[in-house]
Amino acid sequence: MTNTAEAGGAKRKRKQFGRHGKPHRIDGLDLRTSAGRRYSAHFRALVAEFGDADIPRLKEVAAHRATLEQMQIEALGLDYWKAAKARDGIVSLARLISKQETVLRAAKEAKAAEPQKPQTLADFLANRPKAAVDA
């Protein structure tokens, strides 16, 4: 069996297995490595804190957090002058992360403040627990 369609001869589009249901993945980052596991931990912490409404922004903040953590580790092993430059980079990256998290918090608060859509009687009856139906 070939990879071409029967009638037109055009190639079928191949599916990318393993990419569905894994929004935290970043191309080029192996999640089996220590850096990948740290990124994944940061991503999970951000989803727990802010929810999963804005996945691309959460991926960006998680990547910045992982980079900041790595920069802090590297700055400890440098001599005085190189460490001073590294500290400047750490401060600027920490400020960027803080600004991004402020935007995420504001979006979360705005979503929580918006009025809820009133539930219809049909929705209520469809979603009530089984115990309430049997009683």
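Trainee: I tried to follow the pattern of salt bridges on my own but got confused; where do I start?
Mentor: Once the charged atoms of two side chains with opposite charge are near each other, the side chains can pair. For the structure shown, the criterion picks out five salt bridges. Close ionic contact of Glu101 with Arg65 constitutes a salt bridge, the shortest N to O distance being 2.4 Å. Of this pair, Glu101 sits in helix 3 (residues 80–113) while Arg65 sits in helix 2 (residues 55–76), placing them 36 residues apart in sequence. Among the residues examined, Glu101 registers a relative accessible area of 10% and is labelled buried. Salt bridges linked by common partners bring Glu49, Arg65, Glu101 and Arg105 together as one network.

Trainee: Please clarify how the packing of helix 2 against helix 3 should be interpreted in this entry.
Mentor: In a pair of packed helices, the angle between the axes and the distance between the axes together describe the arrangement. Between helix 2 and helix 3, the shortest axis-to-axis distance is 10 Å and the interhelical angle comes to 155°. The angle between helix 2 and helix 3 falls in the class roughly antiparallel. With respect to the hand of their crossing, helix 2 and helix 3 are arranged in left-handed fashion. Taking contact as the criterion, the partners of Arg57, Leu58, Glu60, Val61, His64, Arg65, Thr67, Leu68, Met71, Gln72 and Ala75 in helix 2 are, on helix 3, Ala83, Ala86, Gly89, Ile90, Leu93, Ala94, Leu96, Ile97, Gln100, Glu101, Val103 and Leu104. Residues that form the contact of helix 2 with helix 3 fall into these classes: 14 nonpolar, five polar and four charged.

Trainee: Hey, could you run me through the environment of Gln100 in this one?
Mentor: Turning to its location among the elements, Gln100 is positioned in helix 3. Owing to a relative accessible area of 12%, Gln100 belongs among the buried residues under this scheme. A sequence separation of 39 residues divides Gln100 from Val61, and the C-alpha atoms of the two residues are 6.9 Å apart. In this structure Gln100 touches Glu60, Val61 and His64, once residues within four positions along its chain are discounted.

About the cut-offs
Residues numbered from 1 in each chain as written. Predicted model: local features only at pLDDT ≥ 70, side-chain atom pairs only at ≥ 80, totals over all residues. Heavy atoms only, no water. Salt bridge = Lys/Arg side-chain N within 4 Å of Asp/Glu carboxyl O. Helix = DSSP H or I, 4+ residues; strand = E, 2+ residues; numbered from the N terminus. Buried < 20%, exposed > 50% of the residue type's maximum accessible area, 1.4 Å probe, protein only. Axes fitted to C-alpha atoms, helices over the stretch in contact; angles between N-to-C directions. Parallel < 35°, antiparallel > 145°, perpendicular 65-115°, else oblique. Left-handed = near helix turned anticlockwise from the far one by under 90°. Contact = heavy atoms within 4.5 Å. Nonpolar A, V, L, I, M, F, W, Y, C, P; charged D, E, K, R; others polar.

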